[in-house]
Amino acid sequence: MTSTASLPARAGRLSAADCRLDDLRALVESTTDLTDYPFADDTDRGVLFYDAARLRTHTADPDTCADVQDELARALLDGPGIVVFRGAFTDEHALAETTAYFTETIARQHADGFAGGDHFAAPGANDRIWSALQKLAVDRPDLFARYYANDVLALVSEAWLGPMYQVTSSINVVNPGGAAQSPHRDYHLGFMSTETAAAFRAHVHRLSPALTLQGAVAHCAMPIDSGPTMYLPYSQQYEPGYIAFGLPEFREFFARHYVQLPLAAGDAVFFNPALFHAAGHNTTTDVYRMANLLQVSSAFGRAIDSVDREAMVRALYPELRALAAAGRDEDVRAVVAASAEGYAFPTNLDLDPPMTGMAGETQAELVHRALHESMSPEQFAEEVRALTIRHTP
Ligand SMILES: [Fe+2]
């Protein structure tokens, strides 16, 4: 195997003081040796390429298929952290028809005056279709069945997350002139402020990437000047990366060392969500760069009971008001943490767009705000109902 510099696993908190650029540099100076990845076809600037049609000749056999998945998991964990499948989506998967459907959906959104918020761009700079998975399934089940009868998506999702994974998708179109993103990591820890991410201890920073696989299917040719995503291979191995990615010296390092790969329509990129990456600047005047951003989630991270937390916080609100009136703020915090939904996701991004910051108000934040504003129980019940509706698909 390729030897890569590795750091001892840490316990406890991570902070900016742990972020040394030389540690990241040692990792990203790793080289990718094709002989370590016998099922790959090619490597370019560290990134591994697999020809989807050729891969199918291996995956037909269950034992070989499992070996391919071992290789993919290793590439995502200890290798470059990014793999590209050439020709993963073809006519067989209704690539052209789904592209047309997504283009029509965006035109319909424009006609309806909808300008979706975006986590990284001002409304209108990009076009988004949130919850594109559900919309495609409900509007065009025929196309959905062809598109998602995709063995490459199943192969790599199971390799990274195991069985029982769950797919979500959003369409992102970066219009001509669309600006580049800042380098970042993705969901979960990449989707919160540095301060919040730092409240999670180091073992959670190591866990977060195992809960999600990020993918992007190119729905058009993406030459370099259209700004396909910039990546920093091997950076997913950098433990304090969720704290580091916003620091100026790390951003400068990213700007000097990223790799950017042209893609053909139907190519699919999958990467470890801890990989430093950023969408590029679309300097063309005529390429509407459409990608289907796939986020595949682990089955884990769920509780065993399904709980109606809206009913709970409505019932508890008078008790919480009494605690707050008695100045027992620590007790309020503990009771809210034990009852209210504390996470902003999953949500309905059409109704709950991320206009300010990365996430909308959580139910727990709403409870604290209600207490702070001395909301009546009736008004609180209305607001918590509206929040539930914003989170309902
Ligand atoms: Fe991202």
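Since the structure is predicted, the reported quantities are computational estimates derived from the model, not experimental observations.

Criteria and cut-off values
Residues numbered from 1 in each chain as written. Predicted model: local features only at pLDDT ≥ 70, side-chain atom pairs only at ≥ 80, totals over all residues. Heavy atoms only, no water. Axes fitted to C-alpha atoms, helices over the stretch in contact; angles between N-to-C directions. Helix = DSSP H or I, 4+ residues; strand = E, 2+ residues; numbered from the N terminus. Left-handed = near helix turned anticlockwise from the far one by under 90°. Contact = heavy atoms within 4.5 Å. Nonpolar A, V, L, I, M, F, W, Y, C, P; charged D, E, K, R; others polar. Pairing = 2+ DSSP bridges.

S.K.: Would you mind going over the packing of helix α13 (residues 329–339) against helix α14 (residues 363–372) with me for this structure?
M.R.: Helix packing geometry: the angle between the two helix axes and the distance between the axes. Running from N to C, α13 and α14 cross one another at 145 degrees; their axes reach a closest spacing of 10 Å. Regarding α13 and α14, the two cross each other, and that crossing is right-handed. Along its contact with α13, which presents V332, R333 and V336, the element α14 presents A364, V367, H368 and L371. When grouped by side-chain class, the residues that make up the contact of α13 with α14 number five nonpolar, one polar and one charged.

S.K.: Can you help me understand the sheet that holds strand β10 (residues 277–278) in this one?
M.R.: The strands making up a sheet are joined through hydrogen bonds of the backbone, oriented either antiparallel or parallel. Taken in spatial order, the three strands line up as β8-β7-β10 in an open sheet, and their pairing is antiparallel. Two strands bound the open sheet, and with one partner strand each, they are β8 (259–260) and β10. Here strand β7 (residues 230–231) pairs with β8 via two bridges, running antiparallel. Looking across to β8, one finds that M230 is bridged to Q260.

S.K.: How should I be thinking about the sheet that holds strand β3 (residues 82–86) in this particular structure?
M.R.: The sheet built from eight strands is open, its strands ordered β1-β2-β3-β9-β6-β11-β5-β4 with mixed pairing. The sheet terminates laterally at β1 (42–44) and β4 (126–129), the two strands that pair on one side only. Each adjacent strand pair in this sheet contributes to an overall mean axis angle of 25 degrees, direction not counted. Bridge count for β1 against strand β2 (residues 47–51) is three bridges, and the pairing is antiparallel.

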